[in-house]
Amino acid sequence: MTPDELRRRFAARLANASVVFGQGTHDAESDAAALVDGYLLGLGVANDGALPAGAEGELEQLLARRIGDRLPAAHLTGVAWLAGEAWHVPPDVMIPRSPIGEALRGGLSPWLRDEPEAILDLCCGCGCLGLVAANAFPGAEVDLADIDASALAAARTNLAARPHLTERVRIVQGDLFASLGGRRYGLVICNPPYVASAELAEVPAEFRHEPRLGLDGGDDGLTVWRRILAGLAGYVRPNAVLLGEAGGASARFDAAFPHLGAIWLDLPHAEQQADGTYGVFVANVDESLGSAP
């Protein structure tokens, strides 16, 4: 059996199973591909030839866990895809899926007028967004910052797989800005927890396998965003750009932070949120941010 035949077979079974997509996949076909291709990538095997001996049986076991235990494909294989690249993501780390990756590949024109000298990926998780930014802006120094040691271990693995970036990327552990030192940034990327605490009890089983730390945004989903925007002014350069995500909370976000003037991006290749946005915004920020109402 070829990988393509197995993808089709798995897709048909996933389409008839009580599973939910949305953690880097959007339907049965993409979920089946993530399972098969992620497994083969882990073996270092091409995904367009014959399956190696024993692979079909092992993949059948992974599919059984995907359906029976409602485990996300990325946590079964240790691989996720974002912005056209494969990323290492262990089971205790958030699965990358942010539409911010698409925005970065476009260079953030016209909002970012000049290439930033320094970029911060705050709440970086496995580091994929900051590393995509490092590729998009080859003259920039990039900091990947997170409080979670497991996420930063994954970020180190992803950075090591991209040795051309290692001289420009720093990995920092700390609570938001606590360990950044005096560096100021021309671009801040941030995809923090933004799900309201009460909503977490209602999310599908797949999402409950991800760390709560990466999802729980407090009573209204904006608790972490409040802390970020309260402290951000001390870490940005003049005319800096904030590229952030708030998912389906865009209306609540605008009501809470009207002074920010967030512009919600049109990202046609991303999944649209229930509120009609794609959940990703840009805003110009500088030293005056902290004194805004």
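What counts and how
The written sequence of each chain sets the order in which its residues are numbered from 1. Totals for whole chains, interfaces and linings use all residues, but because this is a predicted model, local features are given only for residues with pLDDT of at least 70 and pairs of side-chain atoms are given and counted only at 80 or more. Side-chain measures here rest on the full set of heavy atoms in the structure, leaving out hydrogens and waters. Points on a 1 Å grid, built from protein atoms alone, make a cavity when a 1.4 Å probe fits but cannot get out and make a pocket when they are open with protein on both sides within 12 Å along at least 5 of 7 lines; residues with an atom within 4 Å of a point are the lining residues. Grid points are joined across faces, edges and corners, and a volume is the space filled by probe spheres set on the points. Put simply, DSSP H or I for four residues or longer makes a helix, DSSP E for two residues or longer makes a strand, and each gets a number counted from the N terminus. Under the grouping applied here, Gly and all other residues not named as nonpolar or charged are polar, the nonpolar ones being Ala, Val, Leu, Ile, Met, Phe, Trp, Tyr, Cys and Pro and the charged ones Asp, Glu, Lys and Arg. What we call a nonpolar core is a set of buried Ala, Val, Leu, Ile, Met, Phe, Trp, Tyr and Cys residues that are connected through their side-chain atoms within 4.5 Å. Per-residue accessibility, obtained with a 1.4 Å probe over protein chains only, is compared with the maximum for each type, and a residue is labelled buried under 20%, exposed over 50%, and partly exposed between these values. It only takes one pair of heavy atoms within 4.5 Å for two residues to be counted as in contact. When DSSP finds two or more bridges between a pair of strands, those strands are recorded as paired. To obtain an axis, a line is fitted to C-alpha atoms, over the contacting stretch when the element is a helix, and the angle between two such axes runs from 0 to 180 degrees between their N-to-C directions. Pairing of aromatic rings covers Phe, Tyr and Trp, the last through its six-membered ring, and needs centres within 6.5 Å; plane angles under 30 degrees mean stacked, over 60 mean edge-to-face, and all others mean tilted. Over a ring means this: the NZ of a Lys or the CZ of an Arg is within 6 Å of the ring centre and within 35 degrees of the ring normal. By salt bridge we mean one thing: a side-chain nitrogen of Lys or Arg within 4 Å of a carboxyl oxygen of Asp or Glu.

Asker: How should the layout of surface pockets be read in this particular structure?
Answerer: Any empty space left between the atoms is revealed when a probe the size of a water molecule rolls over them. The calculated volume of the second largest pocket comes to roughly 200 Å³. For the lining of the second largest pocket, the element with the highest residue contribution is strand 7 (residues 236–245), accounting for four residues. Within the lining of the second largest pocket, the residues separate by chemical class into five nonpolar, two polar and five charged.

Asker: Where do I start with the nonpolar core in this structure?
Answerer: Nonpolar side chains in soluble globular proteins generally cluster together in the buried interior. Core analysis: the largest hydrophobic core is formed by 43 residues, its most contacted members being Leu104, Leu108, Ile119, Val169, Leu187, Ile189 and Leu243. At the level of elements, strand 1 (79–82), helix 5 (100–105), helix 6 (128–136), strand 4 (141–146), helix 7 (149–160), strand 6 (185–190), strand 7 and strand 9 (280–285) are the ones that each hand at least two residues to this core. For leucine 108, the contacting residues outside a window of four places in its chain are Ala103, Leu187, Leu243 and Val282. The next biggest cluster of nonpolar side chains, apart from the first, holds 31 residues, and it includes Cys123, Leu180, Ala246 and Phe257.

Asker: What's the story with empty space enclosed by the protein in this structure? I'm lost.
Answerer: One pass over the full model with this rule turns up one cavity of 30 Å³ or more. Size it by volume and the largest cavity reaches roughly 30 Å³. Residue lining of the largest cavity: Val20, Phe21, Gly22, Gln23, Thr25, Asp31, Arg66, Pro72 and Ala73, and that is the complete set. For the lining of the largest cavity, the residue count by class is four nonpolar, three polar and two charged.

Asker: Hey, could you run me through the sheet that holds strand 8 (residues 263–264) in this one?
Answerer: Reading across the sheet, the seven strands line up as 5-4-3-6-7-9-8 and stay open at both edges, with mixed pairing between neighbours. This sheet does not close on itself; its edge strands, each paired only once, are strand 5 (169–173) and strand 8. The sheet contact formed by strand 3 (residues 118–122) and strand 4 spans five bridges and is parallel. Residue pairing across strands places leucine 120 opposite aspartate 143, the latter belonging to strand 4. Along the sheet face, helix 7 touches strand 4 and strand 5 and points at about 170° away from the line of strand 5. The sheet strands contacting helix 9 (residues 223–231) are strand 3, strand 6, strand 7 and strand 9, and the helix crosses strand 7 at an angle near 170°.

Asker: Would you mind going over the packing of aromatic side chains with me for this structure?
Answerer: Between two aromatic rings, the relevant description is the distance of the centres plus the angle of the planes. Following the criterion strictly, the structure yields seven aromatic pairs and no others. Each ring, one from phenylalanine 177 and one from tyrosine 235, has its centre 4.7 Å from the other, and the planes form 10°; the classification is stacked. One end of the pair, phenylalanine 177, is in the loop between strand 5 and strand 6; the other, tyrosine 235, is in the loop between helix 9 and strand 7, with 58 residues separating them in the sequence. The exposure class assigned to phenylalanine 177 is buried, which follows from its relative accessible area of 9%. Aromatic pair phenylalanine 253 and tryptophan 264: ring centres 5.8 Å apart, planes at 85°, arrangement edge-to-face. Linking phenylalanine 253 in helix 10 (residues 250–256) with tryptophan 264 in strand 8, this pair joins segments that are eleven residues apart in sequence. Here phenylalanine 253 and tryptophan 264 have matching classes, each one buried. Taken together, the ring pairs in this structure connect Trp225, Phe253, Phe257, Trp264 and Phe281 into an aromatic cluster. We note arginine 162 situated over the ring of tryptophan 87; from NZ or CZ to the ring centre the distance is 3.7 Å.

Asker: Hey, could you run me through the pattern of salt bridges in this one?
Answerer: Pairs may arise between side chains of opposite charge once their charged atoms sit close together. Applying the stated rule across the entire model yields 17 salt bridges. Notably, a salt bridge pairs aspartate 4 with arginine 8, separated by 2.4 Å at the nearest N-O pair. Taken as a pair, aspartate 4 and arginine 8 lie in helix 1 (residues 3–15) at a separation of four residues, close to a single helical turn. Its relative accessible area of 39% is what places aspartate 4 among the partly exposed residues. Two residues, glutamate 206 and arginine 70, come together in a salt bridge whose shortest N-O distance is 2.8 Å. Here the residue glutamate 206 occupies a position in helix 8 (residues 205–208), and arginine 70 occupies one in the loop between helix 3 (55–68) and helix 4 (73–77), the gap between them amounting to 136 residues.

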